Amino acid sequence: MTSADMKDAILHHLVYTLGKDTAHAKTYDWRMALSYAVRDKIVDRWFEATRRAYAEKRKRVYYLSLEFLIGRLLKDAIINMRLDEAVLDALKDLGVEWEEIIEDEPDAALGNGGLGRLAACFMESQATLGLPAMGYGIRYENGLFRQRFEDGRQVEEPEDWLNQAHAWEFVRPEVSIDIGFGGHVQEIGSRANWYPSEMLIAMAHDTPVIGWKGRWGNTLRLWEARPMHGFDLARFNRGDYAAAAEPEAMARTLSRVLYPDDHTEQGKELRLKQEFFHTAASIRDILRRFESEYDDLRLLPKKAAIQINDTHPAIAGPELVRILHDERGIDFEEAVGIARNTISYTNHTLLPEALETWSEGRMGRLLPRHMQLIDRIDDLHRRETGTHDLNAHHDGKVHMGTLGFIMAHKVNGVAALHTELMKSTVFKDLHELHPEKIVNETNGVTPRRWLLSCNPRLSTLITDSIGDNWVDHAEDLKKLEPFTEDAGWLEKFSAAKRANKVDLSDWIAETLEISVDPDSIFDIQVKRIHEYKRQHMNLLETIAYWLEIRDNPNAGWTPRVKIFGGKAFPNYTYAKEMVHLTNDMAKVMNSDPLTSRYLKVVFPPNYNVSLAERLIPAADLSEQISTAGKEASGTGNMKFSLNGALTIGTLDGANVEIRELVGPENFFLFGMTAEEVMTRRAEPGHAGRAIAADPRLARALETIRSGRFSPEEPGRYHMITDNLTHHDYFMVCSDFSDYWRAQRDVDAAFADKAEWARVAALNTARTGWFSSDRTIRGYMKDVWDVEAAPLVDLAAE
Ligand code: NBG
């Protein structure tokens with residue numbers, strides 16, 4: 001497409017879709033016009049891919065996830081469609097700022113963190129690989145809350161990304177599915193009729209997801225909840241306006257908010273309803289599509305693979321069995337077999353509080369037929385395995401992890417260590433019964449968004465050096481290795497990093513009014529705020545460093561900028577205190593004339609996908625410091641490494657694999673292993689002993705306790721200091737000394753600029769394996785048993 005064509009297309013949409021003339025068009029109008037122009041180019045290919053999937057009778061993958069953290073879509077679409085040049089030229093011609101347009105798009109924040117972002121990367125990789133796939137999620141009216149700081153405290157505001165028209169979706173009123181809750185069951189022999197007492201409708205909204213070079217397109221289908229019976233006119237006419245609108249408001253509540261946590265169970269009825277709503281609508285839709293093509297339901301596992309992303313859609317098992325058995329009349333055991341062969345389950349965490357359970361009372365009331373079927377599934381599993389104590393339903397609760405496991409043919413962990421821990425801890429007994437079920441699929445990230453798009457300077461250097469094949473064959477980045485021995489090339493590599501750091505410094509100055517020196521170490525920890533991720537350990541180290549600088553301000557310290565980003569769950573008081581402490585520290589330290597040359601603390605609010613795209617390319621050091629055994633994988637760690645940051649980290653999650661790939665000598669390792677953590681935890685008084693043994697740690701804790709960062713309220717952080725001193729479940733104190741040591745190794749290493757650049761470049765060269773293309777290929781082979789379509793130029797056909 002030429003830039004003149006692009007310009008025409010933009011103008012056409014500006015006038016005829018948005019009804020604006022150029023003289024009055026605002027950034028929003030231009031952005032929408034551009035989005036529609038780009039979308040038009042996508043649609044034909046998307047249709048063609050869909051037609052082919054049908055014509056070739058291909059097996060499809062269905063990715064069921066309560067979260068898709070897709071972020072902004074415009075730039076992604078432009079880059080994958082390779083329209084960048086045409087768009088840039090057209091915009092220039094029209095006198096419209098590219099940056100302004102890109103920044104104007106709201107982030108679709110339909111996820112909490114890693115789990116949701118992984119789902120988004122997977123969608124992109126599936127499209128890039130030509131794998132016929134569909135993502136199913138909920139179209140939350142309010143995505144993850146917006147974070148603001150007020151006197152350093154986190155304040156949550158509703159996220160209203162849908163306030164403006166959303167350019168990428170197509171509403172599908174014809175795809176409306178009835179969803180029931182509650183009511184009663186009438187059994188007829190082994191089968192039953194379920195008569196729900198409450199009904200609502202799931203209506204589809206489709207977003208095309210286009211792969212690299214536009215060679216395949218898939219659909220992200222998000223469900224919106226709607227009332228079965230809208231507005232009550234009789235009530236309205238009686239003057240009862242609020243009651244008239246009630247059914248609509250009640251139904252809408254279901255797709256209104258994303259639960260702002262990925263690790264603790266809310267235990268809310270609404271959450272369970274959301275889960276069933278999402279799953280039931282998706283399963284219906286999958287069966288409708290299947291039955292339009294085939295008439296034998298026994299073929300389902302051959303033609304459809306349903307992946308459940310964590311336990312949130314784990315009710316898929318019983319729901320599929322219910323339809324196959326009760327509604328289609330397939331024998332119960334056979335129905336279970338078909339469901340199992342179709343479904344597989346990904347576990348994303350071992351944190352006990354995150355393994356969902358529902359009380360039998362609630363489940364029985366809301367989903368009475370499913371409750372019966374869960375008991376029959378348990379019964380069958382007992383007979384199959386000769387066990388009696390591994391029921392999904394026990395102790396008055398339904399355990400969704402167990403249900404997910406029993407109803408899946410494959411269960412996967414998300415990094416090698418995590419998968420091994422699944423086998424030896426939470427799923428130990430089930431694993432012994434089904435040793436072939438658990439497989440590992442180490443997470444990945446899409447190199448299109450997380451290198452090509454977010455880091456144009458580095459990706460241009462890469463492409464100039466090895467060509468652009470790496471974009472969809474990221475292992476090709478290995479070809480950069482010889483360049484890491486070439487001083488001239490390393491200078492270019494460093495120049496790209498430095499320019500990214502200058503950009504970030506400018507942005508920090510502009511938005512936060514903090515001046516930072518781009519020649520400092522940019523040390524970044526961005527992720528949800530959680531005790532197990534140990535942002536507070538980073539804070540303690542920051543305090544200790546600050547105090548040492550103060551003791552001896554002229555000692556030639558290595559300057560650092562400590563950058564934090566992340567949201568705390570609104571009810572998670574401890575995490576919110578960590579946020580507050582970070583801000584309080586920043587206030588004191590950034591204005592300390594003795595130290596501010598050497599140390600700055602920066603905490604931009606509202607960390608999201610777009611902010612990640614801004615921060616990651618500018619990082620020197622990536623903080624991956626979770627208590628070993630707690631972070632299932634991490635995916636931020638991969639993005640940093642791919643963008644040439646060095647990692648300081650524990651042997652946890654995918655850090656283990658990152659370290660192996662980049663080489664142990666190129667990784668700042670510290671801390672106890674998962675095993676050591678378990679042993680140490682059992683020793684009473686471990687925290688006290690660690691503090692007694694490390695005067696720096698003792699002093700840092702004392703500094704917080706004394707109110708140095710909160711003089712107006714000296715006891716403000718007693719929750720943190722008391723917990724660390726007496727309990728310290730996450731081993732902050734026990735790992736502190738080694739963390740400090742590793743940080744000083746970082747300082748020493750940073751002093752040798754050329755060597756640092758070499759190692760940074762090796763990170764980029766050796767982490768192509770973490771492409772989500774590789775992960776998806778793994779699922780295709782080990783879990784889904786599916787093949788991709790040949791990649792061709794769909795537009796040319
Ligand atoms: C998260 C883990 C991360 C992991 C992502 C994606 C949940 C429940 N788990 O370590 O904490 O990278 O999932 O697998 O959100």
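Here, the structure is the one placed above.
Each value, and the rule that gives it
What you see as residue numbers is a count from 1 along each chain, following the sequence as written. With pLDDT at 70 or above as the cut-off, local features in this predicted model cover only qualifying residues; side-chain atom pairs require 80 or more to be listed or tallied, and sums for whole chains, interfaces and linings still use all residues. As a rule here, side-chain values come from all non-hydrogen atoms in the structure, and water together with hydrogens is ignored. Here, strands pair whenever DSSP counts at least two bridges between them. Numbering of helices and strands runs from the N terminus, with a helix taken as a DSSP run of H or I at least four residues long and a strand as a DSSP run of E at least two residues long. The cutoff for a nearby residue is simple: one of its non-hydrogen atoms must lie within 4 Å of the molecule or strand. Two N or O atoms count as a polar contact when they lie within 3.5 Å, although within protein this holds only if one can serve as hydrogen donor and the other as acceptor, and sequence-adjacent residues are included solely when both atoms are side-chain atoms. Only the protein chains shown count as cover for residues, with accessible areas throughout obtained via the Shrake-Rupley method and a probe of 1.4 Å. Note that Gly is not counted as nonpolar here; it falls among the polar residues with everything else outside the nonpolar set of Ala, Val, Leu, Ile, Met, Phe, Trp, Tyr, Cys and Pro and the charged set of Asp, Glu, Lys and Arg. Only residues whose relative accessible area exceeds 30% and that form no salt bridge enter a patch; like-charged residues are grouped when within 9 Å of one another, and nonpolar side chains (Val, Leu, Ile, Met, Phe, Trp, Tyr) when within 5 Å. Salt bridges are counted wherever a side-chain nitrogen of Lys or Arg sits within 4 Å of a carboxyl oxygen of Asp or Glu. Only protein chains enter the calculation, and the probe is 1.4 Å; a residue is then buried if its accessible area is under 20% of its type maximum, exposed if over 50%, and partly exposed in between. Here a cavity denotes a set of grid points, spaced 1 Å apart and computed over the protein atoms alone, in which a 1.4 Å probe fits but from which it cannot get out, and a pocket denotes an open set meeting protein on both sides within 12 Å along at least five of seven lines; residues with an atom within 4 Å of a point are reported as lining. Grid points are joined across faces, edges and corners, and a volume is the space filled by probe spheres set on the points.

*Asks:* It is not clear to me how the sheet that holds strand β15 (residues 393-394) should be interpreted in this structure. Could you clarify?
*Replies:* The strands that make up a sheet are held in pairs by hydrogen bonds between backbone atoms, and each pair lies either parallel or antiparallel. The sheet built from three strands is open, its strands ordered β14-β16-β15 with antiparallel pairing. The two strands at the open ends of the sheet, each matched to only one other strand, are β14 (357-359) and β15.

*Asks:* Explain the site of the ligand here, please?
*Replies:* The ligand sits among 16 residues. The nearest are His348, Asn443, Glu631, Ser633 and Gly634. In this structure, glycine 634 approaches the ligand through a main-chain N or O atom, which is 2.8 Å from an oxygen atom. Taken by itself the ligand offers 380 Å² of open surface, and the protein chains cover 97% of this. Taken together, the residues of the shell around the ligand sort by class into five nonpolar, eight polar and three charged.

*Asks:* How should I be thinking about a nonpolar patch on the surface in this particular structure?
*Replies:* Taken together, Phe231, Leu233, Phe236 and Tyr241 make up a surface patch of nonpolar side chains, about 430 Å² in accessible area. One can find phenylalanine 231 in the loop between β11 (217-227) and α7 (233-237). By relative accessible area, phenylalanine 231 is classed as partly exposed at 45%.

*Asks:* For this particular structure, what's the right way to read empty space enclosed by the protein?
*Replies:* A water-sized probe rolled over the atoms picks out the places where empty space is left. Applying the stated criterion across every chain, the model contains eight cavities of 30 Å³ or more. The calculated volume of the largest cavity comes to roughly 640 Å³. The element that contributes the greatest number of residues to the lining of the largest cavity is helix α6 (residues 114-129), accounting for four residues. Contributing to the lining of the second largest cavity are 17 residues, with Leu73, Asp76, Pro208, Val209 and Ile210 lying nearest its centre.

*Asks:* Just checking my understanding: could you explain the sheet that holds strand β22 (residues 621-624) for this structure?
*Replies:* One open sheet holds the six strands; their spatial order is β21-β20-β19-β22-β23-β24, and the pairing between them is parallel. Two strands close off the open sheet at either side, each with one partner strand: β21 (599-602) and β24 (668-669). Here strand β20 (residues 560-565) runs beside β21; their pairing, made up of four bridges, is parallel. Across the sheet, residue arginine 560 finds its bridge partner in β21, namely leucine 599.

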